[in-house]
Amino acid sequence: MADYVFRYRLEVEDKGEPIYHDPLVEMIREQMENLLNIVIPVEGQREVKIDGFKLLRDRERIYNIFAKEEENPGDLFPI
Amino acid sequence: MNSFQDIRNAALYEPRIEFIKKQLESLLRVVDLEKGGEVVQVDGFRLKELKHWLVSSRCDPAEVFEYASTRCDCDCLFCYNKGNPPSVALGNLRRPPKEELEEMKTRLDYFFPKAKQGLFSSLGEIYEAAMHPHFLEVLRLLREKTEKPFRITTNGKTLTEETISHLAELKPIYLYLSLNSASAERRRRLMRDRNPGIAIDSLPLLKEAGIPYAVVIVPWPVDSLSQMLDDLTDTIAYADKHDCHLVEINLPGYSQYFSSKKLFDLDEVWGETVSHIRKLRAKTTSPIVAMPTMYEENLYEERKNLPQIIGLVKNSPAQRAGLNKGDLILEINGISVPTRPQARDLLFMLQQSDNRQATIAVDREGKALELKLDLNDFCYPYSRETDNHLGIIFMGTGLRLSYLEGLKEIVDAHKARHVLFLSSTLMKPTFKQCLTQSHLFDDPRLRIDIQVPRNNFFGGNVFMGDLLLVQDFIDFIKEYLEKNAKPDLIVIPSSPFNLGEWGRDLTGRVYLEIERGVGIPVELLQCATIYD
């Protein structure tokens, strides 16, 4: 007999205000935030805590991964 | 095509599914998928190979049959399901029973007790499994795969002679029978059970069928406290008369979603109930526990965490050997057991072993006694398969001293000097006592501040530490920082995040968010959830 199918709904449109209005930056931020909710990065044996990222094409600007509670959504200034 | 699963169900136990959902949604905001040159609109995804989704599991049979508990045929005045906040990670998945059966059958196909593996579980709605039309069918299929006891919680409405005879074919079975009252009138009123006689009359039938059971009572002060206590007395006497294995009193509580108004004074109801139970214990043979057990311990016991016996299962090896309520266990087979967890661990090992005898030394009213137990000397309601501690009942699990060693390791790893330890109202007195007695934290430069966060999320009179959420911790720590120096480390017992192995609270938020929210290192102290 075939297995029961475990199905899950996708809600692409149902998203609150983004942290960054640049959709491609926001996509990377979301992916990293989601990932950091299920893994802990390590360097060698040591756990590493990260809270931001840079794009390889622009090492001047740092993007926050996590929205701070007191911050309004929308484009954050560079840290 | 079967229904969509509720993602919130998966989020606690298998957050990788939630991760996939979020990643796909994130990608689909910036790209369209194509097939044959045409854009394909997708609205869901499915797991491909279920064998890839196996996880390590204790393979408790309830992991399968609990998926039958999606409905209830009672409407209890105190039902905690009515007081669940909307964001708690309980699915609201109502599917046809046939579809639920298909899921349970697939879960059974991937249920591997020998390999200790099973499909990821989920936190579903916990209602009345026994009323599911396919419940017995699922139990029969389960029995082909495991000899482990089926521990079934039931309101007793289906416990007719016929059902009990079917259950008896599937032993070992242990029932938690939510009787609540042995009075037909009161049970009808408390549980809106139109036919209360079935559950009430099931006690002698269960005994006849050799199925041990606990009688579960929520002492809800529906009229007056004195009427409630009188009914409690009668119900316990009825359970005792029919050789129940255990009487479990679940002290009543409610969240703000259950009632925004104060329904009763918690300390008055709990205090009076526990005081009454302590008197009843002296007159009753069946053991009685009042949960959460630490409430009684905090009220009455100056020295906590001791292996003192509060009850003995009828006809158990411990009862037949002459152990008494009130005895303080000193040694088991010559091994000193200064704390309750140590005693419970040794008794559990003996229970699982092939040993035929055991020796238990006790302090009885100041006198030392040694008693020999014949581990083969027992009969109903005790059984080797469903009991854990040779028939000895304690005032709860207690606190393992090894947790203090775990705390010491965390503090040392962080070289912390000021630690904020977030405990609970119930656990704090025991934890404080153990901390004071331990020499692990003698360094005078070290300060451990033990605080108890409020349960804002559930509200009402809920004050269990294990029901605290990420947001409760963040709110409390922020308040703490307004009045106190910033600690260099925050330690939280892992129990509010123990439902799965992924550190989620009851709404699915990961504990890591606390550190992100307050900017101070947060570590979880690994410890077991205390269910009693």
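Small disclaimer: the values here were computed from a predicted structure and weren't measured.

Conventions used here
Residues numbered from 1 in each chain as written. Chains lettered and ligands numbered in written order. Predicted model: local features only at pLDDT ≥ 70, side-chain atom pairs only at ≥ 80, totals over all residues. Buried ≥ 20, exposed ≤ 12 C-beta atoms within 10 Å, placed from the backbone. Helix = DSSP H or I, 4+ residues; strand = E, 2+ residues; numbered from the N terminus. Pairing = 2+ DSSP bridges. Contact = placed C-beta atoms within 7 Å. Nonpolar A, V, L, I, M, F, W, Y, C, P; charged D, E, K, R; others polar. Expected span 1.5 Å × (residues − 1). Axes fitted to C-alpha atoms, helices over the stretch in contact; angles between N-to-C directions. Core = buried A, V, L, I, M, F, W, Y, C linked by C-beta atoms within 7 Å. Domains from an automatic or database assignment.

## A few points about the pairing of strand S9 (residues 213–217) of chain B
Residues and elements named next belong to chain B. The buried fraction of S9 is high, at 5 of 5 residues. Of the two faces of S9, the one holding Tyr213, Val215 and Ile217 and the one holding Ala214 and Val216 are both buried throughout. Pairing geometry for strand S8 (residues 173–178) and S9, over 4 bridges, is parallel. Residue serine 178 lies in a different strand from S9, and its bridge partner there is valine 216. Looking at chain direction, S9 and strand S10 (residues 246–250) are connected through 4 bridges and run parallel. Residue pairing in the sheet places alanine 214 in a bridge with leucine 246 of S10.

## Re the interface of chain A and chain B
Contact residues are listed per partner, giving 20 residues for chain A and 33 residues for chain B. At the level of elements, strand S1 (7–9) and helix H1 (23–36) of chain A are the ones that each hand at least two residues to the side of chain A that touches chain B. Take the side of chain A that touches chain B: its biggest share by element is 6 residues, from H1(A). Of the residues contributing to the side of chain A that touches chain B, the split by class is 11 nonpolar, 3 polar and 6 charged. The pairing of S1(A) with strand S1 (residues 4–5) of chain B spans 2 bridges and is classified as parallel.

## Some words on helix H16 (residues 470–483) of chain B
Residue and element names in this part refer to chain B. Taking 1.5 Å per residue, 14 residues should reach 20 Å; H16 reaches 21 Å between its end C-alpha atoms and fits that length. Those residues of H16 lying buried are Val470, Asp472, Phe473, Ile474, Phe476 and Ile477. If you follow the buried residues of H16, they end up packed against strand S18 (418–422), strand S20 (489–493) and helix H17 (512–518).

## Observations regarding the sheet that holds S9(B)
Residue and element names in this part refer to chain B. Pairing in this open sheet of 5 strands is parallel, and the strands run S7-S8-S9-S10-S11 from one edge to the other. Looking at the sheet topology across the chains shown, the edges are occupied by strand S7 (150–154) and strand S11 (288–291). Between one strand axis and the next, the sheet turns through 20° on average, direction left out of account. Along the sheet face, helix H9 (residues 225–241) touches S9, S10 and S11 and points at about 175° away from the line of S9.

## Observations concerning unusual backbone geometry
Residue and element names in this part refer to chain B. Along the chain, lysine 171 connects to proline 172 via a cis peptide bond; the corresponding omega equals 5°. In this structure, asparagine 180 takes a positive phi of about 65° despite not being glycine. Tracing the chain through its elements places asparagine 180 in the loop between S8 and helix H7 (184–191). Overall, the presence of 30 C-beta atoms within 10 Å leaves asparagine 180 in the buried class. Backbone geometry at asparagine 333 places phi at a positive 50°, although glycine is not the residue there. One can find asparagine 333 in the loop between strand S13 (328–332) and strand S14 (335–336).

## Remarks on the nonpolar core
All names here are of chain B. One finds Phe65, Tyr213, Val215, Val247, Ile392 and Ile393 to be the most contacted residues of the largest nonpolar core, which totals 77 residues. In this structure, isoleucine 392 is in contact with Ile309, Leu312, Ala318, Leu323 and Leu347, ignoring residues within four places of it in sequence. Counting residues in each nonpolar core, the second largest holds 27 residues, with Ala416, Val419, Leu489 and Leu506 among its members.

## Description of helix H14 (residues 402–414) of chain B
In this model H14(B) runs 19 Å from its N-terminal to its C-terminal C-alpha over 13 residues, within 8% of the 18 Å that 1.5 Å per residue would give. Positive backbone phi, approximately 50°, marks B:Lys415, located one or two places after H14(B).

## Concerning the sheet that holds strand S15 (residues 357–364) of chain B
Residue and element names in this part refer to chain B. Ordered in space as S14-S13-S15-S16, the 4 strands form an open sheet in which the pairing is antiparallel. The open sheet is flanked by S14 and strand S16 (367–374), the only strands paired with a single partner. Relative to S14, S13 is paired through 2 bridges, and the arrangement is antiparallel. Along S14, the bridge assignment pairs glutamate 331 with serine 336. The strands touched by helix H13 (residues 340–352) are S13, S14 and S15; relative to S13, the strand with the most contacts, the crossing angle is about 55°.

## Thoughts on the domain arrangement of chain B
Considered domain by domain, chain B is made up of domain 1 (1–126), domain 2 (149–300), domain 3 (317–394) and domain 4 (402–525). Relative placement of domain 3 of chain B and domain 4 of chain B: their C-alpha centres are 35 Å apart.

## A few points about the pairing of strand S4 (residues 52–55) of chain A
Bridge count for S4(A) against strand S5 (residues 58–64) of chain A is 3 bridges, and the pairing is antiparallel. By the bridge assignment, A:Leu55 is partnered in S5(A) with A:Asp58.

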